[in-house]
Amino acid sequence: MNKKWTNMLLSAVLLVGGTLSAAGPVRADAASDASNKALIWLETQQDATAGLAFDGLVDSFEDFWGPNNPKQIVYTYDQAVAAIAFVVKGERGRAEKVLNKMRDIQDPQGFWLNSYWYNNGAGEEIRKHVGPVVWMAMAAMAYEKQYNDTRYRPMALKALDWSLQYQQANGGVAGGWSGWTNSNEPWSSTEHNIDIYRVLQYYASVDSSRAASYNAAAAKVKGFLDNKVWDEAHKRFTGGWKNDTGLIDPKIPLDVNPWGVLALGTSGTHNYGASLAYVENANGSPGTMDNPRYKQTLTYNDAGNTLTGYDFDWTDQVMPAHDDNGNQIGSTGADVWFEGTAFMSLAYYLQGNTAKADAINNEIIKKQGTSGASLGGIPYSLKGTSNSYWVMAQQNCVSSTGWLIMSLHRFNPFTGQYLTGGTTPPPTTEPPVTPPPTTGTGSENTTADYTAKAATVSSTEISITFKPVTPAKYVDLHYKINSGDQQNFRMTDSSGTWRKNITGLAKGNKVEYWFTYEKSGPQYDSPHYSYTVN
């Protein structure tokens, strides 16, 4: 505990008076403060594993079985979320600590177990589920796209190759394998298939050896999502498909709908954006599977103050909960699932509803830890009810805290890109393509899509311009000074030429810069360029 407290206090000292080192912009002071505090908590949780078997991974929960007796569990999904959050915050070294350790412990076949004991490295939840495995590939994608570094690509490809062995005739990728039953899982989760869709497309676009197979697999996954688990009558995704019975899973967890929007966009084969309205307006009283209720306003402190967020599932009626084998696992009841609430915020932002996205984040921040080892952490759930799968913890956790960072910084992990407020959803057919430069070096670079220039304005300032051939709805500039923290800005359009000046430089500074731009709907990333201030 002493080391954990020391690192937390040092982080707090560094935060005072500091500026945001993050990759993505956070627009309000309160949001910036919440993001920085969330980083402190994640750093503290990562430092808790130092010197143990899984040094570098991030302790999933701030919970203890007794004095100086931490639970010491790291979930694979949580490691992906933490790595992405570190990337978003510009903490490349911490992201690499997570990714390096996960690369080290990846099974040669390509999978990870769902969770491990980090003190001794033994498996904790002995199941190999596609969703967490794909999330690690997603984290590798985020790192690769943000840093233009492919060191984790082999790890991601092995993870995807392993996952695709479970693809079914209907296109859906089944859940994986369970050590609890020593057999393959009999279901295909909507969530897992949403996870894998964009990741397959991305790696198909950058690895020629897998382009054909991954694109074909992604197309089958999309068919499964559109034709098997989309409920057109209610404009929502259902929970999944039971391969053993050929029936839809009657349970409808919240996450499949905001995640569907983040992965597929607001429109396409179906009106995916309508699923947010479904979640928002479901008003069962009490909620049931047939007549759900996700949105809840509940007290969150002893003073009786309330916050509004979204529950994991459909019920606000307090009743005994049972697992699929009939074993009682606590009680159901109204709750706020903070991780899922952050999903809704980010999906609303993609849809273009910035005010709603900000309001949801502000509700989450009400429950952020304010002192001690809890500083910056966000709980998994408010009330600790059962969601009919498991009893949700009330402790601060990696998933909720990491997702708050992504939501505040408008980072979409499914595409590995920053959102633009919903002006253009993620592409619904092809992944972003990086057009190669055709002519030019140094201060001017010309491609078939644009001309980009960098020029010295003074000894402390340069000007960067981007002139697209096809008028763009937006152009974002990303840059680093002397390999420092990544900065991101929306450029200013002036008669078709987008501009941004970078100040506070010195002669000899090297500026690495690149662009994200809209072209006729889809969004593209440029190559990285460099300019030395002269």
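Residues numbered from 1 in each chain as written. Predicted model: local features only at pLDDT ≥ 70, side-chain atom pairs only at ≥ 80, totals over all residues. Heavy atoms only, no water.

Asks: Can you walk me through the overall build of the protein in this structure?
Replies: Each helix and strand in the protein was counted, giving 13 helices and 30 strands. Burial analysis of the protein (534 residues in total) assigns 58% to the buried set. Entry remark: accessible area of the protein is about 20200 Å², with carbon and sulfur atoms responsible for 49%. (Helix = DSSP H or I, 4+ residues; strand = E, 2+ residues; numbered from the N terminus. Buried < 20%, exposed > 50% of the residue type's maximum accessible area, 1.4 Å probe, protein only. Areas by Shrake-Rupley, 256 points an atom, 1.4 Å probe, with all protein chains shown as cover.)

Asks: Is there a simple way to think about the side chain of glutamine 296 in this case?
Replies: Relative to the elements of secondary structure, glutamine 296 occurs in strand β13 (residues 295–299). Overall, glutamine 296 belongs to the buried group, its relative accessible area being 3%. Apart from the residues lying within four places of it in its own chain, the contact partners of glutamine 296 are Leu307, Thr308, Gly309, Asp311, Thr315, Asp316, Ala334, Asp335 and Val336. (Contact = heavy atoms within 4.5 Å.)

Asks: What's the story with the pattern of salt bridges in this structure? I'm lost.
Replies: Side chains that differ in sign of charge can pair as their charged atoms come close. By the definition in use, this model includes 22 salt bridges. Of the charged contacts in the structure, one is a salt bridge between glutamate 144 and arginine 153, with a shortest N-O distance of 2.5 Å. Per residue, the accessibility class of glutamate 144 equals that of arginine 153, and both read buried. Two residues, glutamate 280 and lysine 356, come together in a salt bridge whose shortest N-O distance is 2.9 Å. Remark: lysine 356 occurs in helix α12 (residues 354–365) and glutamate 280 occurs in helix α10 (residues 274–281); sequence separation between them is 76 residues. (Salt bridge = Lys/Arg side-chain N within 4 Å of Asp/Glu carboxyl O.)

Asks: Please clarify how the sheet that holds strand β26 (residues 492–494) should be interpreted in this entry.
Replies: Backbone-to-backbone hydrogen bonds join strands into a sheet, with any given pair of strands oriented parallel or antiparallel. If you trace the five strands from one edge of the open sheet to the other, you get β21-β22-β23-β27-β26, paired in antiparallel fashion. Only two strands of the sheet have a single neighbouring strand rather than two, namely β21 (444–446) and β26. Sheet twist, expressed as the average angle between the axes of neighbouring strands with direction ignored, equals 25°. (Pairing = 2+ DSSP bridges. Axes fitted to C-alpha atoms, helices over the stretch in contact; angles between N-to-C directions.)

Asks: Sorry, what's going on with the layout of surface pockets here?
Replies: Over the atoms, a rolling probe the size of a water molecule traces out where space has been left empty. The volume enclosed by the largest pocket comes to roughly 1700 Å³. What lines the largest pocket is a set of 48 residues, among which Glu125, Arg127, His129, Tyr389 and Trp390 lie closest to the centre. Elements represented by at least two residues in the lining of the largest pocket include exactly α3 (76–88), β5 (127–129), α5 (130–147), β8 (187–189), α7 (190–206), β11 (240–242), α9 (256–264) and α11 (338–351). Class assignment of the residues belonging to the lining of the largest pocket gives a composition of 21 nonpolar, 14 polar and 13 charged. (1 Å grid on protein atoms, 1.4 Å probe; cavity = no way out; pocket = protein on both sides within 12 Å on 5 of 7 lines; lining within 4 Å. Points joined across faces, edges and corners; volume = space filled by probe spheres on them. Nonpolar A, V, L, I, M, F, W, Y, C, P; charged D, E, K, R; others polar.)

Asks: Looking at this model, I keep getting lost on the packing of aromatic side chains. Mind explaining?
Replies: A ring pair, where both rings are aromatic, is described by two values, the distance of the centres and the angle of the planes. For the structure on display, the rule yields 36 aromatic pairs. When the centroid spacing of 5.0 Å and the interplanar angle of 55° are considered together, the rings of tryptophan 259 and phenylalanine 343 count as tilted. With a gap of 84 residues between them, tryptophan 259 in helix α9 and phenylalanine 343 in helix α11 connect regions that are remote in the sequence. The same class applies to tryptophan 259 and to phenylalanine 343, which are both buried. Across from the ring centre of tryptophan 241, 4.8 Å away, lies the NZ or CZ of lysine 228, which sits over that ring. A cation over an aromatic ring shows up here: arginine 410 above the ring of tyrosine 349, its NZ or CZ 4.1 Å from the ring centre. (Phe/Tyr/Trp six-rings, centres within 6.5 Å; stacked < 30°, edge-to-face > 60°. Lys NZ or Arg CZ within 6 Å of the ring centre and 35° of its normal.)

Asks: Would you mind showing me how to read the packing of α3 against α5 here?
Replies: Any two packed helices are characterised by how steeply their axes cross, that is the angle between the axes, and by the distance between the axes. Contact pair α3 / α5: the axes reach a minimum separation of 8 Å and the direction vectors enclose 15°. One way to sum up the angle between α3 and α5 is to call them roughly parallel. Classified by chirality, the crossing of α5 by α3 is left-handed. Between α3 and α5, the residues in contact are Thr76, Tyr77, Gln79, Ala80, Val81, Ala83, Ile84 and Val87 and Pro132, Trp135, Met136, Met138, Ala139, Ala142, Tyr143, Gln146 and Tyr147, respectively. Classifying every residue of the contact of α3 with α5 gives 14 nonpolar, three polar and no charged. (Parallel < 35°, antiparallel > 145°, perpendicular 65-115°, else oblique. Left-handed = near helix turned anticlockwise from the far one by under 90°.)

Asks: How should the pairing of strand β23 (residues 461–468) be read in this particular structure?
Replies: Looking down a regular strand, the side chains alternate between one sheet face and the other. Judged by how many residues are buried, β23 sits mostly within the fold: six of eight residues are covered. Examined bridge by bridge, strand β22 (residues 450–458) and β23 share eight bridges and lie antiparallel to one another. Looking at β23, one finds that alanine 452 is bridged to phenylalanine 466. Counting the residues between successive antiparallel strands, the hairpin from β22 to β23 contains two residues.

Asks: Help me out: how do you make sense of the sheet that holds β8 in this one?
Replies: Across the sheet, which stays open at both edges, the three strands sit in the order β8-β11-β12 with antiparallel pairing between neighbours. Looking at which strands have only one partner, the edges of the open sheet turn out to be β8 and β12 (247–248). Summarising the sheet, β8 and β11 pair through three bridges and their orientation is antiparallel. Opposite serine 188, over in β11, you have tryptophan 241 as the bridge partner. Set on the sheet, α7 makes contact with β8 and β11; between it and β8 the angle comes to about 55°.

Asks: Can you help me understand the nonpolar core in this one?
Replies: Most often, soluble globular proteins keep nonpolar side chains buried together rather than apart. Judged by nonpolar contacts, the single largest core of 123 residues is most densely connected at Trp135, Leu160, Tyr203, Trp259, Leu262, Trp403 and Phe414. Counting residues per element, this core draws most heavily on α5, which supplies 13 residues. Counting residues in each nonpolar core, the second largest holds 22 residues, with Tyr450, Ile462, Ile464 and Val511 among its members. (Core = buried A, V, L, I, M, F, W, Y, C linked by side-chain atoms within 4.5 Å.)

Asks: Whenever I open this one, unusual backbone geometry confuses me. Can you help?
Replies: That bond from serine 285 to proline 286 is cis: its omega, 0°, falls within 30 degrees of zero. Inspection of the secondary structure puts proline 286 in the loop between α10 and β13. Here the phi dihedral of lysine 235 falls at roughly 55°; this positive angle occurs in a residue that is not glycine. If you trace the backbone, lysine 235 turns up in the loop between β9 (230–231) and β10 (236–237). Assessed through its relative accessible area of 30%, lysine 235 is described here as partly exposed. Phi is positive for arginine 410, close to 60°, though the residue is something other than glycine.

All quantities given are derived from atomic positions and should not be read as evidence of function.
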